[in-house]
Amino acid sequence: MNPKRKQRLYVIFGLVGGLGVAVGLVMYALSQNINLFFTPTQIAGGQAPEAQMIRVGGMVAEGTVYRNPESLEVAFDVTDFDHNVRVTYSGILPDLFREGQGVVVQGRVSQGTFQATEVLAKHDENYMPPEVTEALRQSGQLDKMKGMGQ
Amino acid sequence: MSWRWFHQWGSPRWFYERAGRWQWVSGWIALILLVVGTLWGLGFAPVDYQQGHSYRIIYLHVPVAFLAQAMYAAMAVCAVVLFVWKMKLADVGIQALAVVGLAFTVLSLVSGAIWGKPTWGTYWVWDARLTSMLILAFLYMGIIGLRAAIADPDQAGKACAILVLVGVVNLPIIKYSVEWWNTLHQPASLKLTEKPAMPASMWVPLLVNIVGYYAAAFYLVFASMRALVLERERRASWVKEVVGRA
């Protein structure tokens, strides 16, 4: 490769590298704004702004889902296995909503509970045929796998 | 080391004739693999325990999302070649790849939205993965628009190549967005370094489709590059010869 070309190649790599560092620093500074949701631990630690629309993400804690039989009202705990946030919501839940499922809820904290205006289900990266799930459940491996996915 | 393999790309005629062969080979591979992979994935792969049949959009969404990024990476290689070696064919490459890349990006955004509604409960959410993919679509549109806006082809090519190189920063952001930040989009199920997060009965047809879509992309890019080469070299005698023959 002749020296002139080599020089141009180094200039390009230098410029793209510098640009990468600049963008990287900006993203690092903005990282809290890029995160889609807060975790229950961040809420318990007071890191989330109060009385403002925020999102909380975590798992629906087992045995905490309460449905009002006369309305669409539902209450459940969102957990990251360290802290829980009590969520109340009135509306239609996504098909994937169930205990042990990852969810992202949008809303605001008021009087100690989180009043959600939107509930989204979060899907993990694992795909399985139903027969495999059944076999895993019987041998007690399913919960172990779910724990790993988080 | 001999640079002959590289320098022959500087000859438009050599490229036009070789790419004609590569185009048909990749076209046939694409047709066979996509028919096999799509029928297998949609008709014979098992359903998912949670999502039921709606997960089958993976057989379209994942390959086109891969290609949306691969086309951009290929454009970046072309931009470097254009600046360092001043090879005209690299500019043709950028022009062809931008259109094909935009098509794959739009397809991945739309297929993802269609999957998102039944699975997440929403078509769109401003999380890092979805937003960075949308920025990729805007980059492609910007590159196509910039070329159309500058009358002088050499100037247009250089301006586009600079924009391509600036946009490269977005590629690692797309890839690692699901690991660096909290997102609604799940992390990758297929990784080069790890076992896939699904059984073989699901990922084998997916792999067939990924290779198939890659072959289809080669077909589209070569077809489009050959047409562009003919148009740009229309005053050359070999073009008159080729067109006269046809």
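Placed above this text is the structure.
Residues numbered from 1 in each chain as written. Chains lettered and ligands numbered in written order. Predicted model: local features only at pLDDT ≥ 70, side-chain atom pairs only at ≥ 80, totals over all residues. Heavy atoms only, no water.

Novice: So what's going on with the pattern of salt bridges? Residues and values would help.
Specialist: Residue and element names in this part refer to chain B. Throughout the structure, instances matching the rule amount to 6 salt bridges over all chains. In this structure, the salt-bridge partner of glutamate 17 is arginine 13, at a minimum N-O distance of 3.4 Å. One end of the pair, glutamate 17, and the other, arginine 13, are both in helix α2 (residues 12-44), 4 residues apart, so they sit about a helical turn from each other. Note that arginine 232 is salt-bridged to aspartate 91, the shortest N-O span being 3.0 Å. Here the residue arginine 232 occupies a position in helix α8 (residues 200-232), and aspartate 91 occupies one in helix α4 (residues 88-120), the gap between them amounting to 141 residues. A relative accessible area of 36% places arginine 232 in the partly exposed class. (Salt bridge = Lys/Arg side-chain N within 4 Å of Asp/Glu carboxyl O. Helix = DSSP H or I, 4+ residues; strand = E, 2+ residues; numbered from the N terminus. Buried < 20%, exposed > 50% of the residue type's maximum accessible area, 1.4 Å probe, protein only.)

Novice: For the interface of chain A and chain B, give the residues involved together with the corresponding values.
Specialist: Each partner contributes to the interface: chain A provides 38 residues, whereas chain B provides 42 residues. Taken together, the two surfaces of chain A and chain B that pack against each other cover about 3600 Å², and 64% of this comes from carbon and sulfur. For the chain A face of the interface with chain B, the top three residues by lost area are A:His123, A:Glu125 and A:Tyr127, together amounting to 20%. Where chain A touches chain B, the interface holds 0 salt bridges. Between the two partners, chain A and chain B, sit 14 residue pairs in polar contact (both at pLDDT 80 or more). Within the residue set of the side of chain A that touches chain B, elements represented by two or more residues are α1 (3-29), α2 (31-34), β6 (113-122) and α4 (130-138) of chain A. (Contact = heavy atoms within 4.5 Å. Buried area = accessible area lost by both parts, 1.4 Å probe. Polar contact = N/O pair within 3.5 Å; in protein donor to acceptor, adjacent residues only side chain to side chain.)

Novice: Please provide a residue-by-residue account of unusual backbone geometry, values included.
Specialist: Phi at A:Phe81 is positive, roughly 70 degrees, even though this residue is not glycine. Mapped onto the elements, A:Phe81 comes out in the loop between β3 (73-79) and β4 (84-90). The exposed category is assigned to A:Phe81, whose relative accessible area is 60%. The backbone of B:Lys86 shows a phi angle near 55 degrees, a positive value even though the residue is not glycine. Along the chain, the position of B:Lys86 falls in the loop between α3 (58-85) and α4.

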